[in-house]
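Each chain, letter by letter, is given below.
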Amino acid sequence: MFAYAVRRILQFIPTILAISLIMFMLLNVLPGNAAMMAMDSRKAKDPEMIEQLKKRWGLDKPLYVRYLLYLKDLAHGDLGRSFIRGDEVGALVAARIWPTLKLAFTAMAIAVILGIPLGFFSALKQGTWLDTASMVGAVSGVSVPQFWLGLLLMYFFAVQFRLLPPSGYGDGDIAHLILPSVTLGVGYTALLARTTRAAVIEVLNTDYIRTARAKGLSELLINRKHVLRNTLILVMTTAGLQFGFLIGQTVIVEKLFSWPGLGSLLVDSIFMRDIPVTQGCILVIISVFLLVNLAVDLLYAFVDPRIEYS
Amino acid sequence: MRKWMVWMVVCTAFLAFSPSVSIGAEPRSGGALNFMAPYGGDVMTLDSQRTNRVQDYLIAMNIHRALFKWDAEKNRPVLDLAESMEAADDGVTYTFTFYDNIKFHNGRPFTVDDVIWSYERIMRPEGEISPGMRWIGNIKGADAFGKGEADSIEGLRKIDDLTLRITLKDPVNIAYALYDSSLPILPKEEVEKMGREFGNHPVGLGPFKFDSWTKGSEVVLVKNPDYFEKGRPYLDKVVYRIMPEGAARDLAFRAKDLDATIVGSTQYPGYKNDPEISKNMIEVAEMFTRLMGFHPDYEPFSNKKVRQAINYAINDKLIIEKLLKEKAFNAVGFLPTTSPAFDETAEPYGYDPEKAKQLMKEAGYEDGFEFEAIGTTNEAWGTPVLEALIPFLREINVTIKPVQVEGALLGERVDEKNDFQAFIWSYESGPDPLAALKRWHSGTPANAGNSVVYSNPEYDKLLDQAARTRDEAEKMELLKKADRIFQDDAPIWFFNYNKAIMAHQPWVHGLQPVAVEMMYQDMTNVWVDETSPRAKKK
């Protein structure tokens, strides 16, 4: 299994290289440039300074030269330096990744703790009012725009009831974490609930469950030993894949809640055409995505002993 | 009895018109203020010499000090670090005497050498952003120093540690020439020690010291107890929350988590009609002019009558009322109402569809034409406004095709490539009226700001004359005339001047209507009374 993990990690390299090429090309063909954005476009400006900035940032070099230079730095573990901020991209990203991961993992925890049991019981009570109610809730959860949900939560919990701070990171305390992570987690919870329900219903209709019932096993034992374990594979795949999307969705939530994460850094750098920062953020997000998927694959072996990695 | 009533009326009127200074209440020291940095994007650096962004300046201005600062009451720049400034008769030589108790946040006393070093750093940016070059270039020999032709700036002469003589290149108004957010005086030793990190840990001369910065979330400043103005600042702490979303700011303000907020057009009607919030609102005509620029290379726009017709055809007032929810002032010329060279007697174009049709006929465009206008999503100077123009322009058979672009693309097409038929945007039109109007001087290239390639020898002559004139009143008259010519030539559609609005909690005092940019709030005189939930917060 260890060998498998190493192999998979090595496979990341070509993936990341391919993505870096596509990303580099896309970012560099975008119209507009950081030098223009750094000088406020509402003001009269000095065209000479803009040219100097472009030169300093290497924007005057041909595209392939810039890409090779970028790869060279990347091979040395150097993500470059932000055009506009002057900071090292590595340091910028490092400072922002923890808040994003904290947000995403909390949202995932909410989803797993609420979503899976909800889907499970809905499936067991299929067709009852409980099932209908929870599935209506799940559909609403998937459909509700995050931006709007965030504002709604802010309105009730910060303005009306004054229970929680409306936004900000505070000193990293839990109170500041609740509203953004719930906003981020609702859609994910709903999705997990629906996936779990579908998976459980499918398993309930299989022959081995009928056999188990015929053997006279108690419902509790069937559910625990057979239904739950067989459902988990599918649920885990969804959860793992969705985690990547969750990281992507933090963009909206972070902006709304002034959360100092990677998502807001990414958006700002795209708008400012700060190419090194944009590249750094995307690379980190992709790496997290790949690692989480690897972790999910490895977890399969624990859940399902039939799966073996060699 | 009558006298008493008259006094009552006078006092009430005074109270009603003084936006945030409460009469009778003694300023109180202590407490924290939760403020915001509301503009798009993160704060990039707090080294004001190395940025050109409002979002950075609005925080850094309370960490740093310069030779001049903006006085919101007088509506012009005034001396800051210097006790006095003596002007020689030649109109170019000024002698500054600085206060003797000024210290940097690291404890080192300030001297004239710091001014010289700071201005030299601005002129030799070594490839970095340095918008201040435009201003320091007004000093004699600064350009030569910048190009490496001289070892020092000739126009800067140290008389003693606290006396500096500045010689300008031309007899321009020194207060405007050396007032800009990009010209703070910085401590050499800290900048050299920290290098690029200085922007993350700034050290300055201002009323507040840098405390911490959670990137993407907030910047915290704390009181500088050694600030040179005795008894100032009042606040112990100022927190700048980075909050680009208007709706999120609105909720944080209503939750009393923000002590003040900048108000967008979406929130404005609600705030205006709220009996409590409306009591504590400050409004000002900001020095930004929203306009639609016409490219003269597009044939119909080369005709002055067509451009004038468009100005007559559009009902700006209706658009401001319905779309912008009254959060703007109808534009007259390029210079806003708060500009010292605003011509009170000038009339806006006004809505006159008949005249517009007549002009189109005279221009030979009775059957109209079609043009493409680019703009961003901005609600006050973007595609929503362009869409509102469709029915008005249809009346004169003109079809406008709004095309939505993103800020960086607009910048490239308008400023860099000068490739457009028409665009809608917001342009800085202050504080110095001469500098603002220079944008449209035929000597200003398109990529330096004259995006509509405006050229009128008469206009140029007036500006050149104004630049040489030392009598302020006379200069203003010349500038007024120039703006009238510009208005008559109509190279742009004159839309509006921003009405900037700040709402604050009842316990906040001392915020001011700052016409250069409402968010440029000097926190030196701001204080909070005991009713603030953060009155005792350290």
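Rules and cut-offs
- Residues numbered from 1 in each chain as written.
- Chains lettered and ligands numbered in written order.
- Predicted model: local features only at pLDDT ≥ 70, side-chain atom pairs only at ≥ 80, totals over all residues.
- Heavy atoms only, no water.
- Contact = heavy atoms within 4.5 Å.
- Buried area = accessible area lost by both parts, 1.4 Å probe.
- Salt bridge = Lys/Arg side-chain N within 4 Å of Asp/Glu carboxyl O.
- Polar contact = N/O pair within 3.5 Å; in protein donor to acceptor, adjacent residues only side chain to side chain.
- Helix = DSSP H or I, 4+ residues; strand = E, 2+ residues; numbered from the N terminus.
- Nonpolar A, V, L, I, M, F, W, Y, C, P; charged D, E, K, R; others polar.
- Domains from an automatic or database assignment.
- Buried < 20%, exposed > 50% of the residue type's maximum accessible area, 1.4 Å probe, protein only.
- 1 Å grid on protein atoms, 1.4 Å probe; cavity = no way out; pocket = protein on both sides within 12 Å on 5 of 7 lines; lining within 4 Å.
- Points joined across faces, edges and corners; volume = space filled by probe spheres on them.
- Pairing = 2+ DSSP bridges.
- Axes fitted to C-alpha atoms, helices over the stretch in contact; angles between N-to-C directions.
- Parallel < 35°, antiparallel > 145°, perpendicular 65-115°, else oblique.
- Left-handed = near helix turned anticlockwise from the far one by under 90°.

(A) Here's a closer look at the interface of chain A and chain B. Listed by partner, the interface residues are 50 residues for chain A and 52 residues for chain B. Here chain A and chain B share an interface that buries about 4600 Å² over both sides, 56% of which is from carbon and sulfur atoms. The three residues of chain A that bury the most area against chain B are Arg42, Lys43 and Arg85 of chain A, which together make up 16% of that side's buried surface. The interface formed by chain A and chain B holds seven salt bridges in total. The partner of Arg96 of chain A in a salt bridge is Asp42 of chain B, and the shortest N-O contact between them spans 3.3 Å. One can count 19 residue pairs in polar contact (both at pLDDT 80 or more) joining chain A with chain B. Those elements giving two or more residues to the side of chain A that touches chain B turn out to be α2 (34-38), α3 (47-56), α5 (89-124), α7 (146-160), α10 (219-256) and α11 (262-272) of chain A. Considering each element in turn, the side of chain A that touches chain B owes the most residues, eight residues, to α3 of chain A. Looking at side-chain class alone, the side of chain A that touches chain B contains 26 nonpolar, nine polar and 15 charged residues.

(B) Summary view of the domain arrangement of chain B. All names here are of chain B. The assigned domain composition of chain B is domain 1 (2-246 + 505-528) and domain 2 (286-498). Computed over C-alpha atoms, the centres of domain 1 and domain 2 are 32 Å apart. With 18 residues of domain 1 at the contact, the number on the domain 2 side is 14 residues. Both sides of the domain 1 and domain 2 interface together cover about 1200 Å² of buried area, and 54% of this is carbon and sulfur. The largest share of the area that domain 1 buries against domain 2 comes from Pro171, Tyr176 and Ala515, three residues that together contribute 39% of it.

(C) Main features of the side chain of Asp56 of chain B. All names here are of chain B. The topology assignment puts Asp56 in helix α2 (residues 54-60). Judged by relative accessible area, which is 0%, Asp56 ranks as buried. Setting aside anything within four residues of it in sequence, one finds Asp56 in contact with Asp42, Val43, Met44, Thr45, Leu46 and Thr51.

(D) Broad picture of the layout of surface pockets. One number sums up the size of the second largest pocket: a volume of about 1100 Å³. What lines the second largest pocket is a set of 39 residues, among which Met133, Arg134, Trp135, Gly137 and Asn138 of chain B lie closest to the centre. Those elements that place two or more of their residues in the lining of the second largest pocket are α3 of chain A together with α4 (133-136), α5 (142-146), α6 (174-177), α15 (433-438) and α17 (472-489) of chain B. Structurally, the lining of the second largest pocket is a two-domain feature, drawing no fewer than three residues from each of domain 1 (2-246 + 505-528) and domain 2 (286-498) of chain B.

(E) Representation of the sheet that holds strand β5 (residues 93-98) of chain B. Residue and element names in this part refer to chain B. Here four strands make up an open sheet; going across it, the order is β4-β5-β7-β6 and the pairing antiparallel. Only two strands of the sheet have a single partner each, and these edge strands are β4 (82-87) and β6 (156-160). Averaged over all pairs of adjacent strands, the angle between their axes in this sheet comes to 20 degrees, without regard to strand direction. With five bridges connecting them, β5 and strand β7 (residues 163-167) associate as antiparallel partners. Residue Phe96 lies in a different strand from β7, and its bridge partner there is Leu164. This element, helix α3 (residues 112-123), spans β5, β6 and β7 of the sheet and lies at about 170 degrees to β6.

(F) Just helix α8 (residues 246-254) of chain B, in detail. For α8 of chain B, the buried fraction is high: seven of the nine residues fall into the buried class. All buried positions along α8 of chain B are accounted for by Gly246, Ala248, Arg249, Asp250, Leu251, Ala252 and Phe253 of chain B. Tucked into the core, α8 of chain B has its buried residues touching α7 and α10 of chain A together with β1 (32-37), β11 (260-262), α9 (268-273) and β17 (492-504) of chain B. Residue Lys256 of chain B follows α8 of chain B closely and has a positive phi angle near 65 degrees.

(G) Representation of the packing of helix α8 (residues 174-204) of chain A against α10 of chain A within the structure. Residue and element names in this part refer to chain A. Running from N to C, α8 and α10 point in directions that differ by 155 degrees, and their axes come no closer than 9 Å. Taken as axis vectors, α8 and α10 run roughly antiparallel relative to one another. When you trace α8 past α10, the crossing you get is right-handed. Grouping the constituent residues of the contact of α8 with α10 by class yields 16 nonpolar, ten polar and no charged.

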